[in-house]
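# Chains, contacts and geometry: an overview
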Amino acid sequence: MKWMSPRTGGLAMLVALLLLLPLVMANNYWYEVAIQVGLNAIVCVGLNLLIGYAGQISLGHAGFFGLGAYGSAILSTRYGLPPALAMLTTTVAVGLLALLVGRPILRLKGHYLAMATLGMGIIISIVVVTEDKFTGGPDGMSVPPLSLFGQVMSGERLWYWLVAGALVATVALALNLIESPMGRALRALNGSEVGARVSGIDATRAKVGVFVLSAVLASIAGSLMAHYSGFITPGKASFFHSIELVAMVVFGGMSSTFGAVIGAAALTLLPQLLTVLKEYEMVVFGGVMVLTMIFFPRGFLPSLMLLIARRRK
C-alpha cells in the first residue's frame, strides 16, 4: 500500500511471520530453534545499531550477553531474588557497566577500538570461568525458571511467544531510534565523525548512548536465554560467540534492522540444516558465507533490495 512506509510494512511482515510460524513447526525442536533465532536476533538488532549505524565495531558483545545470563542466574540462585527482579537488576547493572567502560573505549577508532572491545570481552569470559564460587566455573550452573505475573514460563510454545514479543519490541525500538534525531546523529557519525562534530552533534554522547543500548539488549537476551534453558555455561560469553554475532550482522546487512534479523535467522538455522553433511558441515557453512559476501557484498538484504530496485528500473 502506498500509505505504508517500508518501516511499517517490514514490521507488519515480521509480526505476520511470527504469528504464522507456529502453523508449520511440527515439534518442540523447531520451537527451540525459533527461540534461539529470536534471542540472537535481539542481540544482533542492538549490535547493528552500534556497528551498522554508528560505525563502532565491537568484538566483545558476547560478554554482555554472558553477563545478562550469569547476572540473572547468580541473583536468583545464590541470593534468592525473584527471576524477573533478577533480570531487571542485571539489565540495569550491565547498562551502568557499559556506560562506565564506554566513554574511554569509544575514544578509540578502527582496529584500536576492535582490540579494546575484544579485550573487554575476554576479561568477562575469564571472570566467568575462574569465579567458580559464583558461576560454577567451566561446568556452568543451573538457573531457576522465569515467572511473569504469577505465570511460570515453561514449555517451548509459551517461551516462543515471549521471545517473539521481545523481538518485535526490539525491532520497533530500533526503527524508531533510527528515524529520530539520535538516529540521524548516528548515521552522521558513521559518515564522518569530524563532520558530525562540526555540525554540532555531541559525538561522545551519541556513541556511548548506542553502546549502552546495544549492551542492554544483549543483556536482556542473555537473561532470557538463561531462564529458558535452565542451565548456562561460559561458552555464551566466549570470543567465538562474539564473532558469531558480528557475522550475523554482516551477513544480513549492516545499517539494516531487518537485515540483522535475517542474518541471525540464517546463521542460526544453517548449521541445523547442514548436520546431515556430518564432517563436511563446516566446509559447506564457510562456503555459503564466502559466496554470500561475494555476490551480496553489502549483506544479504541491502544487496537484494538494490538488485530489485535495479530490475524495476
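The shown structure was predicted, so the numbers you read here are calculated from the model rather than taken from an experiment.

## Structural notes on the overall build of the protein
The secondary structure content of the protein amounts to 14 helices and 4 strands. C-alpha atoms of the protein, sized along the principal axes, occupy 60 × 50 × 45 Å. Out of the 313 residues in the protein, the part that is buried amounts to 46%. Here the analysis covers contacts within the protein between residues at least 6 apart in sequence; of these, 77% occur between residues at least 24 apart. Summed over its atoms, the accessible surface of the protein is roughly 15600 Å², and 69% of this surface lies on carbon and sulfur atoms.

## Considering the packing of helix α7 (residues 156-179) against helix α12 (residues 257-273)
Between α7 and α12, the least distance of the axes is 10 Å, while the angle of their chain directions is 145°. Contacts between α7 and α12 involve L167, V171, A174, L175 and I178 from the former and T257, F258 and V261 from the latter. Taken together, the residues that form the contact of α7 with α12 break down as 7 nonpolar, 1 polar and no charged.

## Considerations on the environment of A114
Mapped onto the elements, A114 comes out in helix α5 (residues 110-130). Accessibility expressed as a relative area gives 12% for A114, which makes it buried. Sequence separation between A114 and F258 is 144 residues, and the spatial gap between their C-alpha atoms is 24 Å. In this structure A114 touches I57 and L59, once residues within four positions along its chain are discounted.

## Some words on the packing of aromatic side chains
This model, assessed by the stated rule, comprises 6 aromatic pairs. A ring pair is formed by W159 and Y228, whose centres lie 5.5 Å apart and whose planes are at 65°; its orientation type is edge-to-face. Here W159, found in helix α7, pairs with Y228, found in helix α10 (residues 203-229); they are 69 residues apart in sequence, far enough to count as distant. With relative accessibility at 13%, the residue Y228 sits in the buried group. Through pairs of rings, three or more aromatic residues link up here, namely Y31, Y160 and W161.

## A look at empty space enclosed by the protein
By the definition in use, this model includes 1 cavity of 30 Å³ or more. Space inside the largest cavity adds up to approximately 40 Å³. What lines the largest cavity is simply Q36, L39, N40, F65, M225, K236 and H241. Among the elements that line the lining of the largest cavity, the one with the most residues is helix α2 (residues 28-53), at 3 residues. Tallied by class, the residues present in the lining of the largest cavity amount to 3 nonpolar, 3 polar and 1 charged.

Each value, and the rule that gives it
Residues numbered from 1 in each chain as written. Predicted model: local features only at pLDDT ≥ 70, side-chain atom pairs only at ≥ 80, totals over all residues. Heavy atoms only, no water. Helix = DSSP H or I, 4+ residues; strand = E, 2+ residues; numbered from the N terminus. Buried < 20%, exposed > 50% of the residue type's maximum accessible area, 1.4 Å probe, protein only. Contact = heavy atoms within 4.5 Å. Areas by Shrake-Rupley, 256 points an atom, 1.4 Å probe, with all protein chains shown as cover. Axes fitted to C-alpha atoms, helices over the stretch in contact; angles between N-to-C directions. Nonpolar A, V, L, I, M, F, W, Y, C, P; charged D, E, K, R; others polar. Phe/Tyr/Trp six-rings, centres within 6.5 Å; stacked < 30°, edge-to-face > 60°. 1 Å grid on protein atoms, 1.4 Å probe; cavity = no way out; pocket = protein on both sides within 12 Å on 5 of 7 lines; lining within 4 Å. Points joined across faces, edges and corners; volume = space filled by probe spheres on them.

So, to be careful, I would describe these as geometric facts and stop short of saying anything about function.
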